[in-house]
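Overview (structure and organization)
Chain by chain, the residues:
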Amino acid sequence: MKITIPDFCLVLLIGSSGSGKSTFARKHFKPTEVISSDACRGLVDDDENSLEATSDAFALVHFLAETRLKRRKLTVIDATNVRLEDRAKLVAIAKRFHALSVAIVLNPGEDICHERNRARPDRQFGPNVIRNQTASLRRNLRKLDKEGFRYVHELRSVEAIDAVDITRTRLWTDARHLTGPFDIIGDVHGCADELELLLIKLGYLVSWYDDVSVGRRCHVIPPTGRRAAFVGDLVDRGPRSPDVLRIVMSLVAAGDAIAVPGNHDVKFERWLNGRNVKLSHGLIETAAQIEQESPAFKRDVRAFLDKLVSHLWLDGGKLAIAHAGIRAEMIGRSSGAVREFCLYGETTGETDDFGLPVRHNWAADYRGETTIVYGHTTVLEPEWLNRTLCIDTGCCFGGKLTALRWPERDLVSVPAARVYREPTRPLGAQYPGAVTTLSAQQANDDLLDLSLVLGKRIISTAAGRTFTIDAAHSAAALEVMARYAVNPKWLIHLPPTMSPPATSRRAGLLEHPDEAFDYFRSEGVAEVVVEEKHMGSRALLIVCRDEGVALKRFGVAKGETGAIFTRTGRPFYTDQTTADGLLAHIRGAMDEAGFWARHNTGWALLDAEIMPWSAKAQSLIQEQYAATGAAAAAGLGHAVEALTLAAARDPAAAPLLDLMCARQTRVARYQDAYRRYCWPVHALADYRIAPFHLLATEAALHLDKDHLWHMQELARVASAGAPILMATTHHLVDLADAASVTRAIEWWTELTAKGGEGMVVKPRAFVTRGPKGLVQPAVKCRGPEYLRLIYGPDYDAPGNLERLRSRGLGKKRSLAIREFLLGEEALVRFMAREPLRRVHEAVFGVLALESDPVDPRL
């Protein structure tokens with residue numbers, strides 16, 4: 001005997017003690033799928049036969065069943081289950097998690113059960129137990145299908161039990177094996193003219209012919225590899241509902257389309273089947289049209305509509321289509337409640353000014369990973385909201401018919417030829433109080449949910465890496481975001497930290513290009529770009545062409561046209577006037593350079609260095625560097641004077657005088673080092689901005705471009721915005737060419753000898769992978785005088801340098817890789833127009849990692 005069960009369901013094994021349920025469960029199911037009441041008794045009382053532990057044991061059974069069903073796992077209950085009240089509790093659990101219930105009754109006969117229990121020393125209870133269990137089973141056996149079980153299978157002999165073959169099959173809603181690409185088409189409502197035009201626009205070939213047996217037929221050829229998908233409401237209101245059905249049925253029959261039912265389709269099917277249905281909301285027109293068709297066509301339509309399931313879960317779980325939408329916990333499941341929601345959505349119980357039910361905006365609360373595409377609720381324009389998209393753009397009401405191309409996410413539409421039905425509610429008025437200045441997603445993003453960023457977080461990235469953020473680090477990130485950060489709507493990215501190279505092997509040096517080049521060679525990198533490292537403060541700049549772009553793309557409705565913020569998300573300037581002035585200057589340079597048209601964008605995200613260093617770090621310079629330099633210079637000056645007099649009287653003081661003179665020289669060099677990066681700022685013209693990454697524009701995320709491209713693009717803007725904007729000096733280095741490497745080292749030596757900070761070494765490709773995984777995106781190589789600021793005036797004194805050579809870089813390099821991937825993930829999500837909470841998850845991750853203690857001098 002073959003038994004077929006859904007691969008997700010609740011299976012109840014029903015039978016008296018000794019009927020063979022446990023043996024059956026071991027034979028046909030994985031150990032992890034089976035929840036045994038006896039095993040649960042053992043877990044709670046160390047005795048699988050303890051009757052007094054029954055209540056607690058079944059509480060555990062129910063808890064485990066709930067947990068597995070919540071996670072969409074097939075679950076088998078190995079218990080007698082002969083009592084109606086016991087089964088009812090389990091069936092209720094299955095319904096709560098939208099799982100089908102399957103009953104498998106093992107009924108080999110009362111004598112067999114007695115015989116087996118007599119052979120088991122742990123089951124020496126009286127024969128009345130088996131007799132009562134068998135009687136209870138017999139009384140309810142014929143009523144099992146009335147208890148909520150979708151399938152009931154009875155095995156009436158030992159031979160039948162032993163011969164069973166159980167096969168699992170996907171639920172009808174589970175079409176994850178269909179991977180597309182798809183052309184998902186919104187509510188057609190009988191508008192066959194527009195459907196033909198839309199299909200042709202999508203690349204389908206549509207032709208008509210007459211068939212002697214069924215009459216008018218349609219033949220549709222899709223573009224190679226593509227499949228159409230319909231979200232329901234094929235009929236009613238439009239003039240050609242039968243032809244819409246012909247088109248869709250032809251595609252589905254050929255395997256070139258999939259479809260789910262709409263509420264109008266279900267009502268139409270009920271009318272076709274002779275049910276008492278009120279001919280309203282356009283059904284009267286469809287009924288009149290279908291009456292002109294042949295009986296054979298009507299039979300085909302009934303058969304087609306009868307096979308449609310509530311929703312379809314597609315593309316490996318990435319996509320689902322449903323007529324009115326679907327909640328996350330319903331996806332890929334099957335129940336009356338799921339079908340009801342998919343057909344009608346959810347109403348609030350209220351009616352609007354037009355007498356129509358007010359629908360609950362379920363999409364605003366959706367937090368699932370699967371993208372939902374649906375219809376039912378007419379909108380003027382499709383808008384993404386929390387990974388959901390409504391594509392019913394009211395064709396029958398004079399709007400348009402819209403399709404979403406998946407996975408491209410491109411929208412394609414054709415306008416309605418005319419108004420076929422005047423809408424009761426004006427188009428686009430589906431939700432009372434809807435915000436018109438912001439998109440649906442932007443309005444939804446105005447309220448940030450702290451629970452989504454607090455506590456221990458596990459962040460998965462498109463790069464395939466998963467990162468765990470500790471609760472303590474999440475709290476530190478929230479502290480920064482809540483108290484110091486810029487408007488959260490600008491926070492779409494934070495850049496990573498940067499690691500230095502391994503300690504130099506050269507005498508008197510802590511860092512040298514040799515080690516940076518050696519690192520990239522070891523990772524299989526052939527070419528690197530070396531860029532001048534400006535001594536300033538790193539900043540991210542979002543520049544919008546105008547306020548309209550800031551509102552449309554970022555949802556910022558306060559008249560702002562961009563933002564300048566630090567690598568920890570804080571406003572770079574406390575004075576907004578300065579920030580606005582610099583943004584205006586950069587915007588003007590972009591205008592002059594033809595940037596907007598060249599990149600087909602209205603905004604840009606730049607990674608840059610802003611100088612002078614003193615403009616951002618004035619208090620740091622005064623309280624740390626200048627104070628240290630002044631105190632050391634004063635103290636050493638007096639010491640040198642005193643030792644000079646002492647050495648004149650006693651030559652034994654000369655070595656100590658030499659030591660103090662050397663320290664005095666190093667302090668002077670220390671003071672010179674930080675003074676080079678400080679100058680007074682009285683006006684905008686005193687600032688210098690050196691952009692080095694063009695990270696993103698509206699049309700593209702530019703991480704796929706190499707660093708030479710970034711330098712060239714930004715040099716155009718810098719040229720138009722000089723002198724405030726500066727192009728970054730850079731060179732391409734062939735690591736296999738000794739002369740090329742020597743020239744780069746000479747350039748670094750010359751640069752640092754003049755007081756420059758040093759250089760940054762990057763693989764030519766923005767994202768580079770080596771034999772061990774992702775290669776460091778950049779390695780900074782600082783000059784000896786700049787390192788004096790970092791490690792102190794005497795860092796290169798005898799003995800000190802040797803101690804510094806033992807510095808460990810492993811944690812810093814790991815941090816740089818993790819922050820780079822999380823920063824990239826934030827941008828990927830933003831460019832995909834995911835909810836801001838999803839973007840912030842990655843941004844919070846970068847901030848949280850920054851709170852992990854790492855030597856700040858590295």
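Residues numbered from 1 in each chain as written. Predicted model: local features only at pLDDT ≥ 70, side-chain atom pairs only at ≥ 80, totals over all residues. Heavy atoms only, no water.

A look at the overall build of the protein
Within the protein one finds 28 helices and 35 strands. Against the globule reference of 29 Å for 858 residues, the protein gives a C-alpha radius of gyration of 36 Å, more extended than a compact globule. Overall size of the protein, expressed as C-alpha extent along the three principal axes, is 120 × 80 × 55 Å. The buried share of the protein, reckoned over its 858 residues, is 54%. Surface summary for the protein: the accessible area is close to 37500 Å², and the carbon and sulfur share equals 52%. (Helix = DSSP H or I, 4+ residues; strand = E, 2+ residues; numbered from the N terminus. Rg over C-alpha atoms; globule rule 2.2 N^0.38 Å. Buried < 20%, exposed > 50% of the residue type's maximum accessible area, 1.4 Å probe, protein only. Areas by Shrake-Rupley, 256 points an atom, 1.4 Å probe, with all protein chains shown as cover.)

Considerations on helix H2 (residues 37-45)
For H2, the set of buried residues is Ser37, Asp38, Cys40, Arg41 and Gly42. Elements that come into contact with the buried residues of H2 comprise strand E3 (34-36), helix H3 (54-70) and strand E4 (75-78). The N-cap of H2, judged by a side-chain oxygen 3.3 Å from the amide nitrogen of Asp38 a few residues on, is Ser36. Following H2 by one or two positions, Asp46 adopts a phi angle in the positive range, close to 60°. (Contact = heavy atoms within 4.5 Å. Polar contact = N/O pair within 3.5 Å; in protein donor to acceptor, adjacent residues only side chain to side chain.)

What to know about unusual backbone geometry
Cis geometry is found at the peptide bond from Gly180 to Pro181, where omega equals 5°. Ala722 connects to Pro723 through a cis peptide bond whose omega is 5°. Relative to the helices and strands, Pro723 resides in the loop between helix H23 (707-720) and strand E31 (730-734). Of note, Arg387 is a non-glycine position whose phi angle comes to about 65°, a positive value. Within the element layout of this structure, Arg387 appears in the loop between strand E19 (384-385) and strand E20 (388-390).

A few points about the side chain of Ser334
Structurally, Ser334 is set in the loop between strand E15 (319-322) and helix H13 (336-344). Since its relative accessible area comes to 11%, Ser334 is described here as buried. Ignoring anything within four residues of it in the chain, the contact list for Ser334 reads His98, Ala99, Leu100, Leu171 and Trp172.

Observations concerning the environment of Pro612
Mapped onto the elements, Pro612 comes out in the loop between strand E28 (603-611) and helix H21 (613-649). We classify Pro612 as buried; its relative accessible area is 1%. Each C-alpha atom, one on Pro612 and one on Arg217, is 75 Å from the other, the two residues being 395 residues apart in sequence.

Describing the sheet that holds strand E35 (residues 779-782)
Ordered in space as E31-E25-E32-E35, the four strands form an open sheet in which the pairing is antiparallel. Each edge of the open sheet is held by one strand with a lone partner, namely E31 and E35. Across the sheet, the mean angle separating the axes of adjacent strands is 25° when strand polarity is ignored. Relative to E31, strand E25 (residues 527-533) runs antiparallel, the two being bridged by five bridges. Among the inter-strand pairings, Val529 is bridged to a residue of E31, identified as Leu732. Running at roughly 145° to E31, helix H24 (residues 738-753) makes contact with E25, E31, strand E32 (758-763) and E35 of the sheet. (Pairing = 2+ DSSP bridges. Axes fitted to C-alpha atoms, helices over the stretch in contact; angles between N-to-C directions.)

So, the packing of aromatic side chains
A complete count under the given rule lists 14 aromatic pairs for this structure. Measuring from centroid to centroid gives 6.3 Å for Phe341 and Trp362, while their planes differ by 75°, and the two rings are edge-to-face. A residue pair is termed long-range when its members are at least 10 positions apart, and Phe341 in helix H13 and Trp362 in helix H14 (residues 362-365) qualify at 21 residues. In terms of burial, Phe341 and Trp362 fall into one category: buried. Note on Tyr791 and Tyr795: the rings are 6.3 Å apart at their centroids and 25° apart in plane angle, and the pair reads as stacked. Residue classification places Tyr791 among the buried positions, given a relative accessible area of 13%. For Tyr795, a relative accessible area of 3% corresponds to the buried category. Three or more aromatic residues link up through ring pairs in this structure, and these residues are Phe341, Trp362, Tyr366 and Tyr374. (Phe/Tyr/Trp six-rings, centres within 6.5 Å; stacked < 30°, edge-to-face > 60°.)

Some words on the packing of H2 against H3
Each pair of packed helices gets described by two things: the angle between the helix axes and the distance between those axes. The contact between H2 and H3 brings their axes to 8 Å, and the two run at 115°. By the angle class used here, H2 and H3 are roughly perpendicular. At the point where H2 passes H3, the crossing takes the right-handed sense. Residues Ser37, Cys40, Arg41, Leu43 and Val44 of H2 form the contact with H3, whose participating residues are Thr54, Asp56, Ala57, Phe58, Leu60, Val61 and Leu64. Broken down by class, the residue content of the contact of H2 with H3 amounts to eight nonpolar, two polar and two charged. (Parallel < 35°, antiparallel > 145°, perpendicular 65-115°, else oblique. Left-handed = near helix turned anticlockwise from the far one by under 90°. Nonpolar A, V, L, I, M, F, W, Y, C, P; charged D, E, K, R; others polar.)

Comments concerning the nonpolar core
The tendency in soluble globular proteins is for nonpolar side chains to be buried as a group. By size, the foremost hydrophobic cluster in this structure holds 47 residues, and its most contacted members are Trp490, Phe554, Phe565 and Leu605. Top element by residues in this core is helix H28 (residues 836-850). It accounts for nine residues. (Core = buried A, V, L, I, M, F, W, Y, C linked by side-chain atoms within 4.5 Å.)

Side note on the confidence of the model for the protein
Across the protein, the average pLDDT comes to 89, with 96% of residues at or above 70. Here residues 432-436 is modelled with pLDDT under 50, and outside its nearest four sequence neighbours on either side it reaches two contacts, counting other chains as well. (pLDDT = per-residue confidence, 0-100.)

Side note on the sheet that holds E3
With parallel pairing, five strands are arranged side by side in an open sheet as E3-E4-E2-E5-E6. Of all strands in the sheet, those bounded by a partner on one side alone are E3 and strand E6 (151-155). Averaged over neighbouring strand pairs, the angle between their axes works out to 20° when direction is ignored. The sheet strands contacting H2 are E3 and E4, and the helix crosses E3 at an angle near 60°.

Some words on the side chain of Asp183
Looking at the secondary structure, you find Asp183 in strand E9 (residues 182-185). What makes Asp183 buried here is its relative accessible area of 0%. Within the structure, the side chain of Asp183 is placed 2.7 Å from the side chain of Tyr204, a separation counted as a polar contact. Ignoring anything within four residues of it in the chain, the contact list for Asp183 reads Leu202, Tyr204, Arg226, Arg227, Ala228, Ala229, Leu404 and Arg405.

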